[in-house]
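Tertiary structure, described
Single-letter residue listing:
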Amino acid sequence: VRVCAVVVAAGRGERFGALKQFLPLGDTTVAALSVTAARSVASDVILVVPEEYQGSGEGADRTVIGGATRSASVRNALATLSDVDVVVIHDAARPLATSELFHRVVAALVDDVAGAVPSLEMSDTVKRVDHSTPRRILETLDRTQLVTVQTPQAFRLSALQLAHAGHDDATDDAALLEARGALVVAVTGESTNIKITTPEDFALVSSLVEAAS
Ligand code: CTP
Ligand code: MG
């Protein structure tokens, strides 16, 4: 099975206030750590970058220019693939995903499984709110059926291409397969696999990297 990894790093970092994916982390960068973890499972690693990116690829085999949305960035990379059976999509903004996690999602693609995503059970009580001020609580959800999901997400290339054929946008790739009724399974994720969204997340990730060195 030929496995390719796509590390998406073409976001604007609006909530962070900077291109968080290229910040220095330890003796490397956020995106380079993500690329290194992806390499453990993939013979070919593609980094999707913003148009104005001037770097040298963060250790990836090649770079592709991203699009206006995360889904569009993934599609730009998919358009360059051939002779690949399995694609692993990973957010550059999750530099602490381990190589074990990459292997776990790929290994879950057995029989009819089209996609596999890392997930965590929720320990907080989960409620639905409206957007008024103050926010009114509408209901409390049944937590036992809910999980949060992460990247890396592994897919059979053919299933992922079909899911993206409609050019829809979603916050992850699995959502596009689910919408078509494809079989996507959840494997155990990692609580340390933090997505850097805000400067507070980056501080936490930095302290974990520091503690491990
Ligand atoms: N991403 C991308 N192309 C886009 C948007 C996002 O490649 N057009 C990537 C980001 O670089 C990131 C991952 O998708 O690695 C997850 O996106 P997110 O955490 O939302 O990052 P940003 O979109 O950059 O942040 P924000 O939404 O705050 O602007
Ligand atoms: Mg975003």
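Residues numbered from 1 in each chain as written. Chains lettered and ligands numbered in written order. Predicted model: local features only at pLDDT ≥ 70, side-chain atom pairs only at ≥ 80, totals over all residues. Heavy atoms only, no water.

**Points about the site of ligand 1**
How we decide: For each residue, the test is whether any non-hydrogen atom lies within 4 Å of the molecule or strand; if one does, the residue is near. N or O atoms closer than or at 3.5 Å make up a polar contact, with two conditions inside protein: a donor-capable atom paired with an acceptor-capable one, and, for residues adjacent in sequence, both atoms drawn from side chains. Here the Shrake-Rupley method, with its probe set to 1.4 Å, supplies the accessible areas, and only the displayed protein chains count as covering residues. Gly is placed with the polar residues, together with every amino acid not listed as nonpolar (Ala, Val, Leu, Ile, Met, Phe, Trp, Tyr, Cys and Pro) or charged (Asp, Glu, Lys and Arg).
In the region of ligand 1, 19 residues are neighbours, and Gly13, Glu14, Arg15, Ser73 and Lys195 sit closest. In the model, a nitrogen atom of ligand 1 is placed 3.5 Å from a nitrogen or oxygen of the Ala68 main chain. Within the backbone of Ala92, one N or O atom sits 3.3 Å away from an oxygen atom of ligand 1. About the coverage of ligand 1: the protein hides 88% of its 560 Å² of free accessible area. When the residues that make up the shell around ligand 1 are grouped by side-chain class, the tally is six nonpolar, six polar and seven charged.

**Focus on the packing of aromatic side chains**
To keep it simple, the criterion reads: Note on aromatic pairs: the rings of Phe, Tyr and Trp (six-membered ring only in Trp) are paired at centre separations within 6.5 Å, and the planes decide the class, stacked below 30 degrees, edge-to-face beyond 60, tilted for the rest. The numbering of helices and of strands both runs from the N terminus, where a helix is a DSSP run of H or I of at least 4 residues and a strand a run of E of at least 2. When accessible area is computed with a 1.4 Å probe and restricted to protein chains, residues below 20% of their type maximum are described as buried, those above 50% as exposed, and intermediate ones as partly exposed.
The full count for this structure, using the stated rule, is two aromatic pairs. Here Phe16 and Phe202 contribute two aromatic rings whose centre-to-centre distance is 6.2 Å and whose plane-to-plane angle is 85°, an arrangement assigned as edge-to-face. With Phe16 in the loop between strand 1 (3-8) and strand 2 (24-25) and Phe202 in helix 6 (residues 199-212), this residue pair connects regions lying 186 residues apart in the sequence. The two residues Phe16 and Phe202 agree in class, both being buried.

**A short note on the side chain of Asn193**
How we decide: Any pair of residues with heavy atoms lying within 4.5 Å of one another is described as a contacting pair.
Assignment of secondary structure puts Asn193 in the loop between strand 12 (184-188) and helix 6. Reaching out from Asn193, the side chain makes a polar contact with the side chain of Gln150 at a distance of 2.9 Å. Not counting the four nearest positions on each side in its chain, Asn193 is found in contact with Arg94, Leu96, Ala97, Leu101, Gln150, Thr151 and Pro152.

The values reported here are purely geometric and, on their own, carry no functional implication.
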